Amino acid sequence: MSDLETTTGSGGPAGVTDGSIGGGPTTQTQLKKVKKQKVLLMGKSGSGKSSMRSIIFSNYLARDTRRLGATIDIDLSHVKFLGNLTLNLWDCGGQEAFMENYLSQQRAHVFSNVGVLIYVFDIESRDVERDLATYVNIISALVQYSREAQVFVLIHKMDLIPPQMREEVFVQRVALVRKKTAEAVAIVRKGFLSQSQSQSQQQSQQQQQQQQSGQISPTATTTSAPPPEDLEIDMQLFATSIWDQSLYKAWASIIHDLVPNLAVIETQLASLGVAIDADEILLFERTSFLVVSKWTSREGDNNPYGDRFERMSNILKSWKHTCSKFTGTPRNAEQFSEFEYKMGSQFSMFVTKFTTNTYILVCMPPGEARFNSAKLNVAAARPWFKFLDGPPAGAAAAAGGGGGGGPGQNPYGAVAGSYYQGGEHGMGHPDS
Ligand SMILES: Nc1nc2c(ncn2[C@@H]2O[C@H](COP(=O)(O)OP(=O)(O)O)[C@@H](O)[C@H]2O)c(=O)[nH]1
Ligand SMILES: [Mg+2]
């Protein structure tokens with residue numbers, strides 16, 4: 001069965017019939033179920049945590065964040081991302097009393113089963129030493145309870161640093177944070193070692209007493225292993241600001257590793273890209289407009305603008321805001337279904353609603369026939385990306401899907417919308 005139709009009349013460049021797109025049995029059985037991820041968002045009060053999450057997931061404008069109130073204790077929200085990823089986002093109020101509470105009474109509750117920690121430093125903060133000391137405490141707790149967690153450190157409010165100094169300030173801060181991270185690991189190791197030392201002393205004392213009284217010695221109590229000396233925390237650092245696209249770069253990286261079925265998405269996008277002879281394809285999550293996956297041709301790799309992905313996220317979000325303003329629709333509503341841009345003899349591109357949870361951007365060399373053909377082929381490819389809208393409906397569907405279904409069929413079952421849910425949503429104020 002041909003997966004994509006050749007749609008140009010006279011041998012247009014985008015004819016595709018190689019059948020390489022679409023889930024064969026292997027692809028389908030590779031599809032993973034819904035994934036839940038606990039994401040901790042931490043950092044001092046006022047560092048910009050709630051602002052970021054409101055802009056990314058609730059379509060706030062950067063200037064609207066000025067009226068956010070302080071987050072009290074932990075603000076828990078569930079962000080559904082695509083059809084099969086739920087982010088349990090713990091926005092942890094950064095006031096000192098709360099921080100102390102997270103580290104003591106709530107320590108195991110907060111730091112167990114963490115998938116990702118996003119730690120935000122306010123670059124304008126006057127008390128760097130204190131900020132770093134808190135960071136060390138937080139990382140220690142994380143290493144103790146969720147050693148496998150990924151850590152993203154955002155050096156935030158970089159817009160407040162003069163442009164010519166940003167690079168230098170960031171590099172210095174990165175070095176400091178890495179040093180402090182190593183210190184935190186060392187502290188936990190030391191804690192473990194001294195704990196197990198005192199335990200083994202206690203045990204040998206007990207054994208001596210038992211031998212004297214003729215008792216059978218109990219089996220040794222097991223303690224979890226200390227972190228290895230060369231424990232490398234999976235850590236990435238970003239310079240961010242809500243006033244430019246840097247925010248989207250950081251959050252796209254955070255999301256990227258969490259998205260289930262990424263390998264399948266990438267393979268399918270590559271097949272589509274080659275099939276329609278595109279220069280580049282970007283797949284956006286529909287609410288956040290974060291780039292979920294991308295494919296670039298060899299020609300496209302020569303594009304000198306390395307930040308074009310996050311720029312596009314930023315531009316499309318602004319476009320959504322503008323649409324919202326002039327149509328009076330709520331900011332989380334679907335503002336547009338298609339966007340075309342033809343740049344004379346340089347390039348053409350379109351952004352279109354793709355699956356329930358995604359938009360797709362295709363950039364290609366100019367030419368009407370090629371453009372129209374690409375649009376039709378992208379429409380024809382939709383069914384092969386349906387799995388982005390929900391988990392496979394059980395093993396039966398995966399095994400029975402066989403040829404991957406065809407247009408109109410959804411071999412992967414349930415379709416779920418992507419939306420932001422939690423205590424404070426709708427048009428609501430993230431902290432009210
Ligand atoms: N200049 C600047 N201000 C920011 C940035 N991000 C957040 N803010 C402001 O910082 C203040 C505190 O933000 P908020 O998100 O409430 O901080 P939180 O306590 O960490 O949740 C708000 O007035 C935001 O507008 C940024 O990147 N640059
Ligand atoms: Mg807050």
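Please read all numbers here as calculations on a predicted model, not as lab measurements.

(A) Structural context of the overall build of the chain. Looking only at helices and strands, one finds 11 helices and 12 strands in the chain. Burial statistics for the chain: of 432 residues in total, 41% are counted as buried. Counted over contacts in the chain with a minimum sequence separation of 6, partners at least 24 positions apart contribute 71%.

(B) Representation of unusual backbone geometry. At Asp 277, a position not held by glycine, the phi torsion is positive, near 60 degrees. Within the element layout of this structure, Asp 277 appears in the loop between α8 (262-275) and β7 (280-285). Residue classification places Asp 277 among the partly exposed positions, given that 19 C-beta atoms sit within 10 Å. Positive phi is not limited to glycine here, since Phe 289 has a value of about 55 degrees. Within the secondary structure, Phe 289 is located in the loop between β7 and β8 (291-296). The exposure class of Phe 289 is buried, given the 25 C-beta atoms found within 10 Å.

(C) Here's a closer look at the sheet that holds β7. Taking strand neighbours across the sheet as the criterion, the five strands line up as β8-β7-β11-β10-β9 in an open arrangement whose pairing is antiparallel. The open sheet terminates on both sides in strands that have one partner only, identified here as β8 and β9 (338-343). Ignoring which end each strand starts from, the neighbouring axes of this sheet average 10 degrees apart. Here strand β10 (residues 347-353) runs beside strand β11 (residues 358-364); their pairing, made up of six bridges, is antiparallel. Bridge pairing links Thr 352 to Ile 360 in β11. Helix α9 (residues 308-327) rests against β7, β8, β9, β10 and β11 of the sheet, and its axis sits at about 55 degrees to β7. Set on the sheet, helix α10 (residues 368-381) makes contact with β10 and β11; between it and β11 the angle comes to about 155 degrees.

(D) Here's a closer look at the site of ligand 1. Residues in close proximity to ligand 1 total 21 residues, the closest being Gly 48, Lys 49, Ser 50, Ser 51 and Lys 157. Examining the composition of the shell around ligand 1, we find that three residues originate from one element, helix α2 (residues 49-58), more than from any other. Of the residues belonging to the shell around ligand 1, the class tally is five nonpolar, 12 polar and four charged.

(E) Molecular detail of the pairing of β11. In terms of burial, β11 is largely enclosed, as seven of its seven residues are buried. Residue alternation in β11 divides its side chains into two sets, Thr 358, Ile 360, Val 362 and Met 364 and Tyr 359, Leu 361 and Cys 363, and both sets are buried.

(F) Structural view of the pairing of β10. With six bridges connecting them, β9 and β10 associate as antiparallel partners. Paired with Tyr 341 across the strands is Met 349, a residue of β10.

(G) Representation of the confidence of the model for the chain within the structure. Averaged over every residue, the pLDDT of the chain is 78; the share at 70 or more is 75%. The least confident element of the chain, judged by mean pLDDT, is strand β12 (residues 420-422) at 28; the most confident is strand β5 (residues 150-156) at 97. Below pLDDT 50 for its whole length, residues 395-432 participates in 92 contacts with residues either more than four positions away or in separate chains.

(H) The arrangement of the nonpolar core in detail. Counting 93 residues, the largest nonpolar core has Leu 117, Ile 118, Ile 281, Phe 284, Leu 290, Leu 361 and Val 362 as its most contacted members. If you tally residues by element for this core, the top one is helix α7 (residues 246-256), at seven residues. In this structure, this core is formed jointly by two domains, domain 1 (25-31 + 261-422) and domain 2 (35-200 + 226-254), each of which donates at least three residues. Once you skip the residues sitting within four places of it in the chain, Leu 117 turns out to touch Leu 40, Met 42, Leu 142, Ala 149 and Val 151.

(I) Spotlight on α8. With 14 residues, α8 extends 20 Å between its outermost C-alpha atoms, agreeing within 8% with the 20 Å of an ideal straight helix rising 1.5 Å per residue. Among the residues making up α8, those that are buried are Val 264, Ile 265, Gln 268, Leu 269, Ser 271, Leu 272, Gly 273 and Ala 275. Asp 277 occupies a position one or two residues after α8 and carries a positive phi of about 60 degrees.

(J) Main features of α2. The element α2 is extensively covered by neighbouring structure, given that 10 of its 10 residues are classed as buried. Among the residues making up α2, those that are buried are Lys 49, Ser 50, Ser 51, Met 52, Arg 53, Ser 54, Ile 55, Ile 56, Phe 57 and Ser 58. Positive phi shows up at Asn 59, right after α2, with a value of about 55 degrees.

(K) Molecular detail of the environment of Arg 147. By the element assignment, Arg 147 lies in the loop between α5 (128-145) and β5. Along the sequence, Arg 147 and Phe 111 sit 36 residues apart, while their C-alpha atoms lie 9.9 Å from each other.

(L) Inspection of the environment of Pro 227 at higher detail. With respect to the helices and strands, the residue Pro 227 is situated in the loop between α6 (163-212) and β6 (235-239). Among the residues examined, Pro 227 registers 19 C-beta atoms within 10 Å and is labelled partly exposed. The sequence separation of Pro 227 and Arg 189 amounts to 38 residues, and the corresponding C-alpha distance is 5.7 Å. Discounting chain neighbours no more than four positions away, the residues touching Pro 227 are Val 143, Arg 147, Val 185, Val 188 and Arg 189.

(M) Expanded view of the packing of α7 against α9. Axis separation between α7 and α9 bottoms out at 8 Å; the angle between their running directions is 110 degrees. Taken together, the axes of α7 and α9 are roughly perpendicular relative to one another. Of the residues in α9, those touching α7 at Tyr 248, Lys 249 and Ala 252 are Phe 309, Glu 310, Ser 313 and Asn 314. Residues of the contact of α7 with α9, tallied by class, amount to three nonpolar, two polar and two charged.

Parameters and conventions
- For every chain, the first residue of the written sequence is number 1, and numbering continues from 1 along that sequence.
- To label them, take the chains in the order written and letter them from A, then take the ligands in the order written and number them from 1.
- Two thresholds apply to this predicted model, a pLDDT of at least 70 for residue-level local features and 80 or more for giving and counting side-chain atom pairs, whereas whole-chain, interface and lining totals are computed over all residues.
- The numbering of helices and of strands both runs from the N terminus, where a helix is a DSSP run of H or I of at least 4 residues and a strand a run of E of at least 2.
- Counting other C-beta atoms within 10 Å of each residue's C-beta, where C-beta atoms are placed from the backbone, gives the exposure class: buried for 20 or more, exposed for 12 or fewer, partly exposed between.
- What counts as a contact here is a pair of residues whose C-beta atoms, placed from the backbone, lie within 7 Å.
- Here a strand pair is declared whenever DSSP counts at least two bridges between the two strands.
- Interaxial angle, 0 to 180 degrees, is taken between N-to-C directions of lines fitted to C-alpha atoms, where a helix line uses only the stretch in contact.
- To decide whether a residue is near a molecule or strand, its C-beta atom is placed from the backbone and checked for lying within 6 Å of it.
- Throughout this entry, Asp, Glu, Lys and Arg are counted as charged residues, while Ala, Val, Leu, Ile, Met, Phe, Trp, Tyr, Cys and Pro are counted as nonpolar. The remaining residues, Gly among them, count as polar.
- Per-residue confidence from the prediction method is given by pLDDT, with values spanning 0 to 100.
- What we call a nonpolar core is a set of buried Ala, Val, Leu, Ile, Met, Phe, Trp, Tyr and Cys residues whose membership is set by joining through C-beta atoms within 7 Å.
- Each domain's limits were defined by an automated method or a database of domain assignments.
- To estimate how far a helix should reach, multiply one less than its number of residues by 1.5 Å.
- Note on angle classes: values under 35 degrees are labelled roughly parallel, values over 145 roughly antiparallel, values of 65 to 115 roughly perpendicular, and the remainder oblique.

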